[in-house]
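Commentary on secondary and tertiary structure
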Amino acid sequence: MTPFHTLLTHPGGAHKDEFLACCVLLTVQAVPIVRREPGVAELADAAVCVVDVGHAHDPALNNFDHHQLPKDHPPTCALSLVLQALGLYDDAREFCPWLEVAEWFDARGPFATADWLGVDRDTLGRLASPIDGALLRRFSASARFEPGEPLWELMREIGADIVGYVRTLRERLAYLEKHAEFWQLELPGKTAEVLFLPRTEPALDDPSLGLDHFVERRGKLETVVATASPDRRGGGYGLSRFRD
């Protein structure tokens, strides 16, 4: 991306898509966040990264708005556009199931999202996180956030977690292809499998990372009943039921 000195997003009530888009962008440039409407000159200036406002999607100018897209466009949000610009979107859609839900929420609203998920609308409300609400209210409450301020620093950490997870998981899946084994168990009435991951040097920081995706990619969701992987707390192994 072209370097930028400011992140600019819309004022008023904040939503998860521009909040997370700003989080991810802070991993690219550690710059202040300003919440107001952009001017014409700012939309034409790539040094001002405009997110979720401005009615323009132009990655060359660091403009990432989706509100001008036609109603029949596949659900897309500001975070989608930012991840596309960083070359992370396809992996994020594969590895982060919450991303497609966030796109639907922002582009179609909660009622259409509930219908798409096939759940009752009241059930969807019961899944709302108080963490989301608290962060978004505090993001809505100010017009500017500077490096060093608590919320700015937390946003950068959130962005680093998202980007790090997406970039690391592809490498982890390749690692699992090389090292993981499937052990067969003869159970009453069926054959089941245990996914075994041996201990390697250097030791993995999070041995369980990617196991679920790996089993799914190998088409073994119906047969794997447990995983055995290096224990992070000692020199042995941890045995876990797979998907309960």
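Residues numbered from 1 in each chain as written. Predicted model: local features only at pLDDT ≥ 70, side-chain atom pairs only at ≥ 80, totals over all residues. Heavy atoms only, no water.

Of regular secondary structure, the protein possesses 10 helices and 10 strands. A separation of at least 24 residues holds for 59% of the contacts in the protein among residues at least 6 apart in sequence. Of the accessible surface of the protein, which amounts to about 13200 Å², a share of 54% is contributed by carbon and sulfur atoms. (Helix = DSSP H or I, 4+ residues; strand = E, 2+ residues; numbered from the N terminus. Contact = heavy atoms within 4.5 Å. Areas by Shrake-Rupley, 256 points an atom, 1.4 Å probe, with all protein chains shown as cover.)

We now examine the side chain of Ser80. As for its placement among the helices and strands, Ser80 is situated in helix α3 (residues 78–85). Classification of Ser80 as buried rests on a relative accessible area of 0%. Ignoring any residue separated from it by four or fewer positions in sequence, one finds Ser80 in contact with Tyr89 and Glu103. (Buried < 20%, exposed > 50% of the residue type's maximum accessible area, 1.4 Å probe, protein only.)

For the rest of this paragraph, the subject is the packing of helix α1 (residues 16–26) against helix α9 (residues 150–179). What describes two packed helices is the angle between their axes and the distance between those same axes. At a minimum axis separation of 7 Å, α1 and α9 run at an interaxial angle of 80°. By the angle class used here, α1 and α9 are roughly perpendicular. Within the contact between the two elements, α1 uses Phe19, Leu20, Cys22, Cys23, Val24 and Leu26 and α9 uses Leu151, Trp152, Met155, Arg156, Ile158, Gly159, Ile162 and Val163. (Axes fitted to C-alpha atoms, helices over the stretch in contact; angles between N-to-C directions. Parallel < 35°, antiparallel > 145°, perpendicular 65-115°, else oblique.)

Once that is clear, we can look at the pattern of salt bridges. It is possible for side chains of opposite charge to pair when their charged atoms get near one another. Inspection of the entire model under this criterion finds 15 salt bridges. Arg93 serves as the salt-bridge partner of Glu100, at 3.3 Å between the closest nitrogen and oxygen. Residue Glu100 is classed as partly exposed on the basis of its relative accessible area, which comes to 29%. When its relative accessible area of 32% is taken as the criterion, Arg93 is described as partly exposed. Salt bridges sharing partners connect three or more residues here, namely Asp91, Glu94, Arg170 and Arg217. (Salt bridge = Lys/Arg side-chain N within 4 Å of Asp/Glu carboxyl O.)

As a further point, take the sheet that holds strand β9 (residues 224–230). Taking strand neighbours across the sheet as the criterion, the four strands line up as β7-β8-β9-β10 in an open arrangement whose pairing is mixed. Edge positions in the sheet fall to β7 (181–187) and β10 (237–241), since each of these pairs with one other strand and no more. Adjacent strand axes in the sheet meet at a mean angle of 25° when their direction is disregarded. Where β7 lies against strand β8 (residues 190–196), seven bridges are found, and the strand directions are antiparallel. Across the sheet, the residue bridging to Leu187 is Lys190, located in β8. (Pairing = 2+ DSSP bridges.)

Bringing the side chain of Thr227 into the picture now. With respect to the helices and strands, the residue Thr227 is situated in strand β9. Excluding anything up to four places from it in sequence, Thr227 contacts Val194, Leu195, Leu211, Gly238, Leu239, Ser240 and Phe242.

This next bit is on the sheet that holds strand β5 (residues 63–64). Overall, mixed pairing links the six strands, which are arranged β4-β5-β3-β1-β2-β6 in an open sheet. Edge positions in the open sheet fall to β4 (57–58) and β6 (144–145), since each of these has one partner strand only. By the bridge criterion, two bridges tie strand β2 (residues 33–35) to β6 in an arrangement that is antiparallel. The partner of Val34 across the bridge, within β6, is Arg144.

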